[in-house]
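# Overview (structure and organization)
So you can see what is in the structure, the chains are spelled out below.
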Amino acid sequence: MAEITVAAALDSLDTVLRFVDGQMEQAGCPLKLMTQVDMAVEEIFVNIARYAYHPEAGEASIRCEAGGDPFRIVVGFADRGRPFNPLDRPDPDVTLDAERRQIGGLGILMAKRLMDDIQYEYRDGQNILTLRKNG
Amino acid sequence: MEEIAMTITKTAENGTLRIALEGRLDTNTAPQLETELKTSLSGISELELDFSGLEYISSAGLRVLLAAQKTMSRQGKMTIRNVNETIMEVFEITGFVEILTIV
């Protein structure tokens with residue numbers, strides 16, 4: 001299991017995606033699966049970067065495990081920002097027309113639907129989100 | 001992730017604007033498309049977005065597409081072509097398949 005710690009800021013997004021992609025590539029992850037995981041990781045990390053410590057600054061740790069047969073990917077995010085469970089928020093109404101459509105919450109919805117499972121816990125002063133996807 | 005950036009290629013004629021996107025429409029690149037559309041849609045009655053070179057979309061990209069769709073619904077129409085399987089999955093998850101005209 002590999003782990004990196006970065007500033008919880010949008011500037012770190014590329015570093016986070018490269019780290020996760022590196023782990024998946026090394027494990028021989030199929031491209032489509034990598035793209036889906038990237039999409040979920042981007043949405044979760046952007047959420048942390050924007051809200052976890054706002055308006056202060058802080059760090060986030062990302063760990064990634066990929067491999068096995070059947071193929072499986074686990075990505076964990078940990079930050080010490082304010083306790084916040086993004087999964088608590090109700091899903092946005094995706095049936096509204098363009099004019100009435102709200103854009104908030106779409107990122108988390110994407111992450112939920114693209115992954116097989118997302119779990120949140122607050123433990124030892126940390127927000128911990130764990131994403132799982134089976135190939 | 002081979003390519004972080006996005007390339008925008010524009011062709012305009014007789015009120016039709018064609019925009020081909022290549023790469024990733026994500027948190028980093030969505031503002032680039034937003035700026036491009038803000039300055040390009042005046043007098044346009046038809047906007048065609050070609051996604052054949054687009055590999056990836058995030059919610060930031062969806063936000064820009066929604067704004068473009070609203071603008072074009074008022075002044076003409078917008079179509080999106082050549083959407084890949086993964087991006088189509090995102091359009092389905094988010095209900096964007098109902099909002100956008102994907103051909």
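An account of the accompanying structure is given in this report. Model, not experiment: these values are computed from the prediction. (Residues numbered from 1 in each chain as written. Chains lettered and ligands numbered in written order. Predicted model: local features only at pLDDT ≥ 70, side-chain atom pairs only at ≥ 80, totals over all residues. Heavy atoms only, no water.)

### Points about the overall build of chain A
Helix and strand content of chain A: three helices and five strands. Reading chain A from its N end, one meets helices and strands in the order β-α-α-β-β-α-β-β. Against the globule reference of 14 Å for 135 residues, chain A gives a C-alpha radius of gyration of 15 Å, in line with a compact fold. Projected onto the principal axes, the alpha-carbon positions of chain A cover approximately 45 × 35 × 25 Å. Here the analysis covers contacts within chain A between residues at least 6 apart in sequence; of these, 65% occur between residues at least 24 apart. (Helix = DSSP H or I, 4+ residues; strand = E, 2+ residues; numbered from the N terminus. Rg over C-alpha atoms; globule rule 2.2 N^0.38 Å. Contact = heavy atoms within 4.5 Å.)

### What to know about the environment of glutamine 36 of chain A
Its location among the elements puts glutamine 36 of chain A in helix α2 (residues 31–52). For glutamine 36 of chain A, a relative accessible area of 6% puts it in the buried group. Distance from glutamine 36 of chain A to aspartate 97 of chain A, taken between C-alpha atoms, is 26 Å for residues 61 residues apart in sequence. Residues in contact with glutamine 36 of chain A, not counting those within four places in the same chain, are Leu114, Met115 and Lys133 of chain A together with Thr86 and Glu89 of chain B. (Buried < 20%, exposed > 50% of the residue type's maximum accessible area, 1.4 Å probe, protein only.)

### Some remarks on the interface of chain B and chain A
As a measure of interface size, the accessible area lost when the parts come together is often cited. Counting residues at the interface gives 26 residues for chain B and 29 residues for chain A. Here chain B packs against chain A, burying approximately 2,400 Å² in sum over the two surfaces, 60% of which is carbon and sulfur. The interface formed by chain B and chain A contains two salt bridges. For arginine 74 of chain B, the salt bridge goes to glutamate 99 of chain A, with nearest N and O atoms at 3.7 Å. Remark: the boundary between chain B and chain A carries 10 residue pairs in polar contact (both at pLDDT 80 or more). Of all the secondary-structure elements, those providing two or more residues to the side of chain B that touches chain A are β3 (46–57), α2 (59–75), α3 (85–93) and α4 (96–99) of chain B. (Buried area = accessible area lost by both parts, 1.4 Å probe. Salt bridge = Lys/Arg side-chain N within 4 Å of Asp/Glu carboxyl O. Polar contact = N/O pair within 3.5 Å; in protein donor to acceptor, adjacent residues only side chain to side chain.)

### Re the packing of aromatic side chains
Residues and elements named next belong to chain B. Counted under the stated rule, the structure contains one aromatic pair over all chains. Their ring planes at 35 degrees and their centres at 6.5 Å tell us that phenylalanine 51 and phenylalanine 91 sit as a pair that is tilted. Here phenylalanine 51, found in strand β3, pairs with phenylalanine 91, found in helix α3; they are 40 residues apart in sequence, far enough to count as distant. For the pair formed by phenylalanine 51 and phenylalanine 91, the shared burial category is buried. Across the ring face of tyrosine 56, the terminal group of arginine 24 is positioned such that the distance to the ring centre comes to 3.7 Å. (Phe/Tyr/Trp six-rings, centres within 6.5 Å; stacked < 30°, edge-to-face > 60°. Lys NZ or Arg CZ within 6 Å of the ring centre and 35° of its normal.)

### Here's the deal with the side chain of arginine 101 of chain A
Structurally, arginine 101 of chain A can be placed in the loop between β3 (72–79) and α3 (106–114). With no salt bridge to any partner, buried arginine 101 of chain A finds its closest opposite charge in aspartate 93 of chain A, at an N-O distance of 6.1 Å. A polar contact is formed between the side chain of arginine 101 of chain A and the backbone oxygen of valine 94 of chain A, at a distance of 2.5 Å. Sequence-distant contacts of arginine 101 of chain A, defined by excluding residues within four places in its chain, comprise Asp93, Val94, Thr95, Leu96 and Leu106 of chain A together with Leu66, Lys70, Thr94, Gly95, Phe96 and Ile99 of chain B. (Lys, Arg positive; Asp, Glu negative; His and termini not counted.)

### Considering the sheet that holds β3 of chain B
Strand order across the open sheet formed by four strands is β1-β2-β3-β4 (chain B), with mixed pairing between neighbours. The open sheet is flanked by β1 (6–13) and β4 (77–81) of chain B, the only strands paired with a single partner. Ignoring which end each strand starts from, the neighbouring axes of this sheet average 15 degrees apart. In this sheet, β3 of chain B lies alongside strand β2 (residues 16–25) of chain B in parallel orientation, the contact comprising nine bridges. Paired with glycine 23 of chain B across the strands is leucine 54 of chain B, a residue of β3 of chain B. Docked against the sheet, α2 of chain A engages β2 and β3 of chain B, running at close to 100 degrees with respect to β3 of chain B. (Pairing = 2+ DSSP bridges. Axes fitted to C-alpha atoms, helices over the stretch in contact; angles between N-to-C directions.)

### Brief notes about α2 of chain A
End to end, α2 of chain A covers 30 Å across 22 residues, agreeing with the expected 32 Å (1.5 Å per residue, within 8%). With respect to burial, α2 of chain A is a largely interior element, 18 of its 22 residues being buried. (Expected span 1.5 Å × (residues − 1).)

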